[in-house]
Structures are given as C-alpha cells and as structure tokens.
Amino acid sequence: MGKSWLKRQSLLGYAFIGPNMLGVLLFFVLPAVYSFYLMFTDYTFMNPEIHFVGLDNIRRMLGDDLFYTALRNTVVFLLSVPVSIMLAFLVAAALNKSVYWKKTLRALYFMPYITSGVAVAFVWMLLFQPADGPINGFLRAIGISHPPGWLSTTESSMFAIDIIWIWFMLGYNMIIYLAALQEIPEELVEAARIDGAKPWQIIRSVVWPLVSPTTFLLLITGLIMSIKTFGIIQAITQGGPGSSTTVLSLFIYQNAFRYYEMGYASAISWAMFAIILLFTVLQWIGQKRWVHY
Amino acid sequence: MENVKSNPSEAAGGAPARRLRLGEVLKPGKVLLTLLMSAFALLMVVPFVWMIGTSFKTPAEVFQYPVKWIPTTLHWEHHIRVWTGPDGFATYYLNSIKISLISTVGAVFLSSLAAYGFARIKFKGREPLFLLYLSMMMVPPQVLFVPKFILFDAIGIYNTHLALILPGMFTIFGVFMMRQFFLSVPGEITEAAFIDGAGHFRIFFRLMLPLAKPAIATLAIIDFSWHWNDYENALVFLLDKNLFTVPLGLQNFIMENTVDYNGMMAAATAGIVPMLAVFLIGQRYIIQGVAGSAVKG
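Residues numbered from 1 in each chain as written. Chains lettered and ligands numbered in written order. Predicted model: local features only at pLDDT ≥ 70, side-chain atom pairs only at ≥ 80, totals over all residues.

### Things to note about the overall build of chain B
Along the backbone of chain B there are 14 helices and zero strands. Reading chain B from its N end, one meets helices and strands in the order α-α-α-α-α-α-α-α-α-α-α-α-α-α. Considering only residue pairs separated by 6 or more positions, chain B has 73% of its internal contacts joining residues 24 or more positions apart. (Helix = DSSP H or I, 4+ residues; strand = E, 2+ residues; numbered from the N terminus. Contact = placed C-beta atoms within 7 Å.)

Following this line, the structure appears as structure tokens:
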C-alpha cells in the first residue's frame, strides 16, 4: 500500500470520472468562464472583434430602466412560489389521510407538472382570451361585467402568468409535501386529537410546524427554479405586451439573441447568478437552523 | 370533521395508533372532503379537457358560451393536418424521441460511472473536483447560452441535433443523485468482491449497476422528461424546421396559424397527450422518483 497504490487509485478514480468530467468541463465550466469574460467585453455576434470594456456593461445594466422593469416583473413572478406552496400544503394535508380515491386525486393534481410547459402555455392563452375566452365567459356569466384583460393588458399580464405557474407547480409541491407528511410521527397527531384539537388546529399547530424544513426547501428551490424559467413565458407573451412580462430570463435572451448584444447579455446573466447565489446562501443558513425541528 | 371517539388510556399506553382509524364505514367528514378535493382537482385538469374538446370542434364552436365540453360532431381534420405534412408532428416526434433517448442513455451511464468514482474511490483532487461540480449547479442556463452558441458555431454543430444531444449527455444533477445512492450501499457488500480479486470496474458493472436499478430508473425518467420538454436549447440551437423537437414544432405551428384555434389545440393535444399517457401508465414510478429526488437532492 505504498505510493504506487495511491497512484493507481487516482488513475482509477479519473477513469471513472473522466468521461463525465470532460463533458462538464466542455459544456459547463468552459462556457461559464467564457461568459464571465464576455461580461467585460463589447462582443456582439455581428462584430467578431472583441474589445475589453471593463465595467461598462455592468454600469449600463444599473442605468437601464428595462433591467429594473425585468427585476420587478421577476419579483411579481416569484410571488407565485409561496402561493403555490401554501395551496400545495393544504391539498397535501387533505389528501394525506382524510380522503377516498387518494391515488387518483394525487395523479390529477400532478398532471400539469409533467406536461410540456410550452404546450399548456398555448392552452392558457386561449382560455384567457379577453373578448370571448371561456374564463371571461364564465366571469361575465356570474355577473362580472368587466373581467380582467389577463394576458392582453400590461397591468394584468404578469398576474395571469402567475396563475398559470401556480397551477403548473402545485402538483410538484404537493408530491414533496405528501412525502414529508409520511415522516410525521402518528403519535403526535393522535395526541393532539385526544387533547381535543380540531382537524384544522392540528394542521395549523402540529403539522405545519413539523413540515417547516420541507416548506423552506420548497421555497428556496422553487424560487431558484422559477427565476430560471423561460419557456412557458416566452411561448405565450415573448415578454409582452410592451415589456410587462419580460422577466430576467427573457431579458437576457432578448439581448443575446434578438439584439445580439452578447457582452451585455452576459452581464445580466451574471446578475441572475448573483440572485441564485443569494438564495443558495439563505438555504445554507436556513438548513443549519432547521436541522432539528 | 373526524368524529373519532378514542380511548385515552389506550393511546397513552402507546398502542398502535392504527386502531383509532375506524374500519370500512364511510365517514361523512371524509366524504365531504373527498368531494371538495375532487372538485378542485377537476379545476386542475379542466384546461386539458377544454383543449381536447376544442381540437374536435368547428371554428364557430370554440368560444361558445356556455362551453361545449363535448362537440356535437368530432372533427378529426385538425388532427390530421397537425400530424401530417412536411412540418408535421410525426417529424417532430421522431426528432424528440431520437434526441431524448440518446441523451438520456448517455447521461444515465456517464453520470453513474462518475458517481461511482466520487462515492467509492479515494483519489487526489476528489473533494475540490466535487466542489466544482457543486458550484456548477448554481450557474443558470442563461449564463451558458451565449458561450455555447459561439462554441457550437465554431465546431460546426450549431443547427444540428448534436447541439442538443452532446451537452444533453452530461448532467450534474445525475451525478449527485447516483452518488447519493452509491454512498448508501454498505461497504461489506463490495468488500467480499474485493477479497475475491474483483477490481472497481467489475464491481461497478456486475454488482453496483444491478443494485442501482431503481435509482437508475428514477434518473432516467427525470432526465428523459427534461429532454422531452426542453424548449430553450432547441430554440437557441436549432434553425431548420425539419430538425425541430415537439415543443419547438408546437410553437412554430402556433406562430403560423395564429387564428386557427382548432388547429392550435390539436397541436397542443399532440404535444401533451402522448406524455400524459406515459404518465398515467408509469405514474407510480414517476411520482416516487420526483419525491425521492427532491428530498435527497
């Protein structure tokens, strides 16, 4: 077990990891490094000459009204995450023990999540048709004479997308909650019941605190996943009307592949990385606090 | 809602709590909640029902109110139009199947191999390398699109399926997931094989891979659905219509037929229903896989 054994182990280790590492280096690490470099250049696809421009792109971003619009839209979009989580918890709590047909219902709630976001986007586009779509048809039928314009007005479009996203993510969050609910010791719930707690009180004061680590995990991973979301929004609105649904991910795409401002797009994409980093740090801190409930 | 009369002494004595759940009698509270949750579940699937219904309607029936859930006569022509022709969904499906299948097989094999290396072999540089992998998980795809675009253009795979397949064969998430599994296999299982003179490669192929079947199935399902639903990469890296995958082909159809609502819904049905069928058949594995991956990951 001398030096040669160690060397052999290293060789073996790299033999296993090598093929994957090669791809990770080529398609993840190298592009990331290159993008970091591009952030400080004036690179556009049309002009292959690259100049180093220092912090110009970052300065431009911080002075760009559209960047702040994109940030605000992103915040409105991310509001859907906690809403979806709350709804999913209620559904999971109901489905866990106290309904018949549990498996069928679980499958129905989960269905949107496995479908292609782009395909459901187009269905919602028609459902939300302001003039004669079925949603506004229903709202008029129950007496709302001026239903919202949903995706067609700058005021309501982001909220319409929130509704779609809540609907889309609900099943996923529910599945994770159902798994977490399995872990709750039955004695605790029974003890509360014996003490005379109502089902609603049990859910609020016993179950909800017990699943707080799961809630926290879903919140952070949901925020990270949602901030990266692109397809479902791009497919329906391409960021419009105006720039009312241009979230950060669309703003980056537009700069890179519509205006070919790739240096600038790189700078914005690293701003997005910074936000994800922040969420991840929050997760580390939170996990430490929530190791034991 | 649950009017369970329990015997305190029994529960306090640590008796199995199962006894408290009353037998097969229908409980009114449970029935009520089932109805409520079913109604809400119906609301979740209403968009799909409406989509399929509309794909069989006439243009005049699309926005009729009250909604006509089942059209008077089934109009198949929208579906026929969507599936056939040079830019038909038949082509998109073949492209999607090819890309998703090759990517998934490659990704599952390569990440299992790497995961075994990370989990079971001690070597120099393992920890920093793993940290590099970890940090790459935080980098959003938006950071990588521009450099990948330049790279693919330079090596001549832009606007080919290789631009999706090659990067698709590498998943950092897969390495994490499989590493987690290999770490959980007790050392005694492999020790006996080592004593018999087997090397790491034999142990990996003969012992670990067969043991990992459930984890592999989970990863394969998750990875396949990623590739199948992947819209961004196809949008950025594919140009020619005959190369399009299902999500991109769907978008293309809708861009070209903006007022043909029946056709749009037939196209959406073509994009969704086969996946729904797969889900309904394999739902137990899919749900287990999704639940397991998040709790561990």
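Next comes the rest of the description.
### A word on the overall build of chain A
For chain A, the helix and strand inventory stands at 14 helices and zero strands. When the helices and strands of chain A are placed in sequence order, the string is α-α-α-α-α-α-α-α-α-α-α-α-α-α. For chain A, the C-alpha radius of gyration of 24 Å lies well beyond 19 Å, the compact-globule estimate for 293 residues. In terms of overall dimensions, chain A has a C-alpha envelope of 75 × 70 × 30 Å along the principal axes. Split into buried and exposed, the 293 residues of chain A put 44% on the buried side. Pairs at least 24 apart in sequence give 70% of the contacts found in chain A among residues at least 6 apart. (Rg over C-alpha atoms; globule rule 2.2 N^0.38 Å. Buried ≥ 20, exposed ≤ 12 C-beta atoms within 10 Å, placed from the backbone.)

### Structural notes on the interface of chain A and chain B
Each side of the interface is counted separately: chain A has 79 residues, and chain B has 80 residues. Of the residues forming the side of chain A that touches chain B, the biggest block, 20 residues, is contributed by helix α1 (residues 3-38) of chain A. For the side of chain A that touches chain B, a count of residues per class yields 56 nonpolar, 17 polar and six charged. (Nonpolar A, V, L, I, M, F, W, Y, C, P; charged D, E, K, R; others polar.)

### Considerations on the domain arrangement of chain A
For an interface, size is often stated in terms of accessible area lost upon the parts coming together. What the domain assignment reports for chain A is domain 1 (3-38) and domain 2 (62-289). In this structure, domain 1 of chain A and domain 2 of chain A have C-alpha centres spaced 36 Å apart. (Domains from an automatic or database assignment.)

### Comments concerning the nonpolar core
With 157 residues, the main nonpolar core has A:Ala121 and B:Ala268 as its most contacted residues. It is helix α8 (residues 157-182) of chain A that contributes the most residues to this core, 17 residues altogether. Every residue in contact with A:Ala121, bar those within four places of it in the chain, is listed here: A:Ile232, A:Ala235 and A:Ile236. (Core = buried A, V, L, I, M, F, W, Y, C linked by C-beta atoms within 7 Å.)

### A few points about the domain arrangement of chain B
All names here are of chain B. We note that the domain assignment places domain 1 (24-75) and domain 2 (83-296) within chain B. Once you take the C-alpha centre of each, domain 1 and domain 2 turn out to be 33 Å apart. Along the lines of polarity and charge, the residues of the side of domain 1 that touches domain 2 split into five nonpolar, two polar and one charged.

### As for unusual backbone geometry
The omega torsion of the bond from A:Gly240 to A:Pro241 falls at -5°, within 30 degrees of zero and hence cis. By the element assignment, A:Pro241 lies in the loop between α12 (231-237) and α13 (248-257). With phi around 60°, B:Asn159 is a residue other than glycine that occupies positive phi space. You can see B:Asn159 is positioned in the loop between α6 (141-155) and α7 (162-168). Of the residues examined, B:Asn159 has 14 C-beta atoms within 10 Å and is grouped as partly exposed.

### Considering the environment of B:Lys30
Structurally, B:Lys30 can be placed in helix α2 (residues 28-55). Sequence separation of B:Lys30 and B:Leu132 is 102 residues, and the distance between their C-alpha atoms is 50 Å. With sequence-adjacent residues up to four places away left out, B:Lys30 is seen in contact with A:Ser98, A:Val99 and A:Tyr100.

### Digging into helix α8 (residues 172-184) of chain B
Over its 13 residues, α8(B) extends 19 Å from the first C-alpha to the last, a length consistent with the 18 Å expected when each residue adds 1.5 Å. Of the positions making up α8(B), those classed as buried are B:Ile172, B:Gly174, B:Val175, B:Phe176, B:Met177, B:Met178, B:Arg179, B:Phe181 and B:Phe182. (Expected span 1.5 Å × (residues − 1).)

### A short note on the packing of α13(A) against helix α14 (residues 262-289) of chain A
Residues and elements named next belong to chain A. At a closest axis distance of 8 Å, the pairing of α13 and α14 adopts a crossing angle of 165°. In terms of orientation, α13 and α14 fall into the roughly antiparallel class. Crossing of α13 against α14: the hand is left-handed. Of α14, the residues touching α13 (which contributes Leu248, Phe251, Ile252, Asn255 and Ala256) are Met262, Tyr264, Ala265, Ile268, Ser269 and Met272. Considering only residue class, the contact of α13 with α14 consists of nine nonpolar, two polar and no charged. (Axes fitted to C-alpha atoms, helices over the stretch in contact; angles between N-to-C directions. Parallel < 35°, antiparallel > 145°, perpendicular 65-115°, else oblique. Left-handed = near helix turned anticlockwise from the far one by under 90°.)

### Some details on the environment of A:Met225
The topology assignment puts A:Met225 in helix α11 (residues 212-228). The spatial distance from the C-alpha of A:Met225 to the C-alpha of A:Ala197 is 37 Å, given a sequence separation of 28 residues.

### Concerning the environment of B:Pro66
All names here are of chain B. As for its placement among the helices and strands, proline 66 is situated in the loop between α2 and α3 (77-83). On the basis of neighbour count, proline 66 is assigned to the exposed category, with 9 C-beta atoms found within 10 Å. When the C-alpha positions of proline 66 and valine 290 are compared, they lie 38 Å apart, and in sequence the two are 224 residues distant.

### Looking at the confidence of the model for chain B
Residue and element names in this part refer to chain B. Averaged over every residue, the pLDDT of chain B is 84; the share at 70 or more is 89%. Every residue in residues 1-20 scores below 50 in pLDDT, and together they form 22 contacts with partners more than four places removed in sequence or on other chains. The ipTM, which scores confidence in the relative placement of chains, is 0.87 for this predicted complex, and the corresponding pTM is 0.88. (pLDDT = per-residue confidence, 0-100.)

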